[in-house]
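Structural features, examined
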Amino acid sequence: MMAELRFDPAADEWVIMAHERIGRPSDFEVHQKHKPAPSWVDDCPFCPGNESLTPPELAVYCKNEDTSKWQVRVIPNKFPALNPGISAEKRFVDKYFEGVEGIGHHEVVVESPIHNEKISEMDPSDVELILKAYIDRVRVLSEREYVKSVVIFKNHGPSAGTSILHPHSQIIATPTLTNQMRKRLQVAVEYYSRMKNCLYCDINKWEHESGRRIIYEGKYFIVFNPYASHYSYETWISPIEHSSCFSNINRGGVEELSGVLPDILRRIESILGNPDYNYILHTALNRCNGDWPLHWYIQIVPRISVIGGFEIGSGTYINPTLPEDAAKSMRTYYQLKIAD
Ligand SMILES: [Zn+2]
Ligand SMILES: [Zn+2]
C-alpha cells in the first residue's frame, strides 16, 4: 500500500501515514517486563507514611468518611518548572528579546496510596477521585489571573518521562497560552467564523459517521484514533456535547469517564504489551468556558515510536500505523473481553 499524507484540521498540520512496512500491533509489542514492584516502598515520597518527604498537600481525597486514609493527594512539585507569584511581568532582554517571569504552578497528583497500582487496573470509583482532583485543580488554578493555560498530564514509564513508579500525574499552569493551545485556538476560531460550527463537534460527527476509527461511543464520550493521528495508536477521548472546560463536566460524565479511561488504557497495554505512555488532558480555563469553540479532551500517546530528525526539522510527523488498523485492534480486544 502507498504511503499517504493526511491533514489534521485541529492542528492545521499534515501527517505522513507510512504504514506500508510496519504498523501491526506485533511490530510494536514491547512486552515490558517490569520487575514485580511491591505495594509499599519505605523511601518512596508518594507512599503513605512518607508524607513529610513532600511539600504540604494542597488537597486530599478520601474513599469514604475515614479521612485518616487518603486515596488521592495533590502536592506542589518539589522541583517545579514554574513558581507561584503575584503577576507575570513581561520583560525585554537585551532590548529586543521578549520574556515573561517564570510564574505559574507545578503540582503532582498522587493517584493512589498503593505503590504498584496502575490506572488500568483501578476500580472506577478510585479513578473518579483522580478526576475529581483534576476538576478542582482546573477550577482553583483558573482563578489566578496570571494563569493562561492549565495542562494535566501523565508520564507513565521511563520513555514517557518518569522514573517514579508510584502512580502520579502532574499539572502545570503557565503564564502564557501554551504553544499548542494558542495555535489550536486560532485554528478553531478561524473555523468557527467560516463554518459557524465548532471544529471539534464536527470532528466528532465526522468520526462517528465514518465509524472506521471509533473504539467506543457512550452517552457522554466518543473514543477514536483520529484520522490524522500523529502517533501510532494515538487515542482521543472526547466529550460528545460541546464543552471547552473540563471542570464543567457533569456527574454522569465523570461516572462514564471513570470507567472509559482505565478501559482504554487496558486495551493499549494489552495490545501493545504494556508500553510506556503519556496522556494529556487538554482544557480551556474555567473562566473561558462557552467562549472557546474547541473541546477539552484526553489524548493518549503510547510511546512506541521515536521522534527523529525529520519530525524536529519539519514539524511533520510520520505515523507508521493507520488509525483504522489501530482502532480495529482496539475494538477487537473489546469484543474478546465481552466474549469471555
Ligand atoms: Zn510509592
Ligand atoms: Zn464543540
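Residues numbered from 1 in each chain as written. Chains lettered and ligands numbered in written order. Predicted model: local features only at pLDDT ≥ 70, side-chain atom pairs only at ≥ 80, totals over all residues. Heavy atoms only, no water.

Here's the deal with the sheet that holds strand β1 (residues 4-8)
Read across the open sheet, the 3 strands follow the order β1-β2-β15; overall the sheet is mixed. At either margin of the open sheet sits one strand with a lone partner, and together these are β1 and β15 (317-319). Each strand of the sheet is rotated relative to its neighbour by a mean of 35°, with strand direction disregarded. Of the pairings in the sheet, the one linking strand β2 (residues 13-17) to β15 comprises 3 bridges and is parallel in character. Bridging across to β15, Met17 finds its partner in Asn319. (Pairing = 2+ DSSP bridges. Helix = DSSP H or I, 4+ residues; strand = E, 2+ residues; numbered from the N terminus. Axes fitted to C-alpha atoms, helices over the stretch in contact; angles between N-to-C directions.)

Regarding the sheet that holds strand β13 (residues 277-283)
If you walk across this open sheet you meet the 10 strands as β3-β4-β7-β9-β8-β13-β14-β12-β11-β10, and the pairing is antiparallel. Edge positions in the open sheet fall to β3 (59-61) and β10 (214-217), since each of these has one partner strand only. Going across the sheet, the axis of each strand differs from the next one's by a mean of 15°, ignoring polarity. Bridge analysis of strand β11 (residues 221-224) against strand β12 (residues 235-239) gives 4 bridges, and the strand direction is antiparallel. Residue pairing across strands places Val223 opposite Ile237, the latter belonging to β12. Lying on the sheet, helix α4 (residues 199-210) is in contact with β10, β11, β12 and β14 (297-302); it crosses β11 at an angle near 65°. (Contact = heavy atoms within 4.5 Å.)

Let's talk about the packing of helix α2 (residues 124-142) against helix α5 (residues 251-272)
Where α2 meets α5, the closest approach of the two axes is 8 Å, and the angle between their N-to-C directions is 120°. In terms of orientation, α2 and α5 fall into the oblique class. Both α2 and α5 take part in a crossing whose hand is right-handed. Between α2 and α5, the contacting residues are Pro124, Val127, Glu128, Leu131, Lys132 and Ile135 on the first element and Arg251, Val254, Glu255, Leu257, Ser258, Gly259, Leu261 and Pro262 on the second. In terms of residue class, the contact of α2 with α5 is built from 8 nonpolar, 2 polar and 4 charged. (Parallel < 35°, antiparallel > 145°, perpendicular 65-115°, else oblique. Left-handed = near helix turned anticlockwise from the far one by under 90°. Nonpolar A, V, L, I, M, F, W, Y, C, P; charged D, E, K, R; others polar.)

Digging into the coordination of the zinc ion (ligand 2)
Within the protein, the zinc ion (ligand 2) binds to Cys198 (SG), Cys201 (SG), His242 (ND1) and His295 (NE2); these donor distances fall in the range 2.0 to 2.3 Å. Positions of the donor residues of the zinc ion (ligand 2), expressed as sequence spacing, correspond to C-x2-C-x40-H-x52-H. Here Cys201 is found in helix α4, whereas its partner His242 is found in the loop between β12 and α5, with 41 residues between them in sequence. For His242, a relative accessible area of 36% translates into the label partly exposed. (Donors = N, O, S within 2.8 Å, 3.2 Å for Na, K, Ca; no water. Buried < 20%, exposed > 50% of the residue type's maximum accessible area, 1.4 Å probe, protein only.)

Some remarks on the side chain of Thr316
By secondary structure assignment, the location of Thr316 is in the loop between α6 (309-314) and β15. Setting aside chain neighbours within four positions, we find Thr316 in contact with Trp14, Ile16, Phe310 and Glu311.

Overview of the coordination of the zinc ion (ligand 1)
Looking at the zinc ion (ligand 1), one finds its protein donor set to be Cys44 (SG), Cys47 (SG), His115 (ND1) and His166 (ND1), positioned 2.0 to 2.3 Å from the metal centre. One can describe the donor arrangement at the zinc ion (ligand 1) as tetrahedral, given that its 4 donor atoms subtend angles of 106 to 118° at the metal. All donors of the zinc ion (ligand 1) come from a single chain, and their spacing in sequence reads C-x2-C-x67-H-x50-H. Of this pair, His115 sits in the loop between β7 (105-110) and α2 while His166 sits in the loop between β8 (149-156) and β9 (168-174), and the two are 51 residues apart along the sequence. Of the two residues, His115 and His166, both sit in the buried class. (Tetrahedral: all angles 85-135°; square planar, octahedral: opposite > 155°, others 65-115°.)

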